[in-house]
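Reading the structure
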Protein chains: 2
Amino acid sequence: MTKLRTPRFFGYYPGTVALVTARHQDDRNVMSAGWHTALSVDPPLYGVLIGRERATHPLVTASGRFGVNFLNASHARVVQGAGVLSLADGADKFETFGLREDADETLVLEAAYLTFVCDVADIVTTGDHDLFVGRVRDVVYDPRAYDEQFLLRDEAPVYLGRGTYVKLDTRAERVTFAPESFVKVTER
Amino acid sequence: MTKLRTPRFFGYYPGTVALVTARHQDDRNVMSAGWHTALSVDPPLYGVLIGRERATHPLVTASGRFGVNFLNASHARVVQGAGVLSLADGADKFETFGLREDADETLVLEAAYLTFVCDVADIVTTGDHDLFVGRVRDVVYDPRAYDEQFLLRDEAPVYLGRGTYVKLDTRAERVTFAPESFVKVTER
């Protein structure tokens, strides 16, 4: 295989894009975050990267809370648009995209199939972004989006970069590898 | 929509699983990492979560280097198996799965369509894992896996949890949202 090297840092896709919600006093916002990951099982920690210039940054810092929302493929345009528009330009993205907050918990988007509601446990500066380490306080999900094994069965919008998404049909062409199918050397 | 709450921290999928490579003196290893994310563009930083009990952990710590490799859907079994088997049990996973290292750079898997070769810039403890912050020193890729816009056109194995993968056909049902399709409030 002939490979190339490049100084350009690209290719951190495909992946899911989360919608990060934040609210402080009378201000609320939602932004797209393509960079996010689980950080720990016990305690449950989830991390999102937020640029220091983003309008969401001071809302999360001041309130000490944020939501991480995942929406299905029918909402791909919202997922992308929440990264293009900015509260700093006066956009109420909830209104623009018809997003509604859950009646019980403002950080939960009604349209999300899954939301992690987090308290900020730590903020770690990583180059031109800050990693918000969130202690997961609540996991809110739509049971219709998951099968009996808690595997997603909804269609997910997978991001390829440059505003481009592909619909992932989670029910098609599944393949499962059982742990016992891998022979352990010590058991030979 | 009727949602449920759960104390169980789940649902951080779907996503791609990376193969983390490490080598120190005569020891080498490769492990699956479902938790990883870009952390910064400038400087280019990429992060992977590694449990402190994993055999890869001391190799990365001692050598100060690691690779983050992405393999296409034809290698899904390897991607899963490198997380099930352990060097601690005596498994040479390179041999078991027929993985070969690049002739020029041992941290690059020949089968990978993309590899970030990283120097360890920082190690941040996050609960039961450590986040290895990698300064991306080299980006090595297979040009056949990407289109002219640098979007992936290879088939990616997307992880759903519980050893289950779905093949993502990156050429099917693509939708692109141009930035100008979102009206900015200030431009009205």
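This structure is a prediction, so every number in the text was calculated from the model and none was measured.

Let us look at the interface of chain B and chain A. At the interface, 91 residues of chain B touch 91 residues of chain A. Each partner contributes to the roughly 8300 Å² buried at the junction of chain B and chain A, and carbon and sulfur atoms together form 65% of this total. The tally of links from chain B across to chain A stands at two salt bridges. The shortest N-O distance in the salt bridge between A:Arg5 and B:Asp138 comes to 2.8 Å. Taken together, chain B and chain A are joined by 32 residue pairs in polar contact (both at pLDDT 80 or more). Ranked by residues supplied to the side of chain B that touches chain A, first place goes to strand β9 (residues 129-141) of chain B with seven residues. Taken together, the residues that form the side of chain B that touches chain A break down as 50 nonpolar, 21 polar and 20 charged. Sheet topology note: the strand β12 (residues 174-176) of chain A/strand β11 (residues 164-169) of chain B ladder contains three bridges and is antiparallel. Following the sheet pairing, A:Val175 is matched in β11(B) by B:Tyr165.

Let us now look at the sheet that holds β12(A). Strands sit in the order β12(A)-β11(B)-β10(B)-β2(B) across an open sheet of four strands; the sheet is antiparallel. The open sheet has two free edges, formed respectively by β12 of chain A together with β2 (15-16) of chain B, since each of these has just one partner strand. Examined bridge by bridge, strand β10 (residues 155-161) of chain B and β11(B) share six bridges and lie antiparallel to one another. The residue bridging B:Tyr159 from the neighbouring strand is B:Tyr165, located in β11(B).

UniProt annotation of "domain: Flavin reductase like" (unreviewed entry) refers to residues 10-148 of chain A when read in the numbering used here. Within residues 10-148 of chain A, the helical portion is 15% and the strand portion 45%, while the C-alpha atoms at the span's ends are 36 Å from each other.

Moving on to the relation of the copies chain B and chain A. Expressed as a screw transformation, the operator carrying chain B onto chain A has a rotation angle of 180° and an axial translation of 0.0 Å, and the superposed copies differ by an RMSD of 0.0 Å. In short, the pair behaves as if placed about a two-fold rotation axis. When C-alpha distances to the rotation axis are compared across chain B, the minimum falls at B:Gly15, with a value of 2.7 Å. Comparing interface residues between copies, 100% of those in chain B also lie at the interface in chain A; the contact surface is shared.

A few words now on the pairing of strand β8 (residues 112-126) of chain B. Regular strands show a simple pattern: their side chains alternate between the two faces of the sheet. Residues and elements named next belong to chain B. Both strand β7 (residues 65-71) and β8 contribute to a ladder of seven bridges, which runs antiparallel. Bridging across to β8, Phe 70 finds its partner in Leu 114. For β8 and β9, the ladder comprises twelve bridges, and the chain directions are antiparallel. Note that in β9 the partner of Val 117 across the bridge is Asp 138. Hairpin connection between β8 and β9: a loop of two residues separates the two successive antiparallel strands, and Gly 127 in this loop has a positive phi of roughly 60°.

Residues and elements named next belong to chain A. Turning to helix α1 (residues 56-63), its buried residues number three or more, namely Thr 56, His 57, Leu 59 and Val 60. Seen along its axis, α1 keeps its buried residues to an arc of 170°; they face one direction. Positive phi shows up at Gly 64, right after α1, with a value of about 70°.

About the criteria used
- Residues numbered from 1 in each chain as written.
- Chains lettered and ligands numbered in written order.
- Predicted model: local features only at pLDDT ≥ 70, side-chain atom pairs only at ≥ 80, totals over all residues.
- Heavy atoms only, no water.
- Contact = heavy atoms within 4.5 Å.
- Buried area = accessible area lost by both parts, 1.4 Å probe.
- Salt bridge = Lys/Arg side-chain N within 4 Å of Asp/Glu carboxyl O.
- Polar contact = N/O pair within 3.5 Å; in protein donor to acceptor, adjacent residues only side chain to side chain.
- Helix = DSSP H or I, 4+ residues; strand = E, 2+ residues; numbered from the N terminus.
- Nonpolar A, V, L, I, M, F, W, Y, C, P; charged D, E, K, R; others polar.
- Pairing = 2+ DSSP bridges.
- UniProt positions renumbered as here; feature names shortened; annotations may be inferred.
- Least-squares fit on C-alpha atoms with pLDDT ≥ 70 in both.
- Buried < 20%, exposed > 50% of the residue type's maximum accessible area, 1.4 Å probe, protein only.
- Arc of directions from axis to C-beta.

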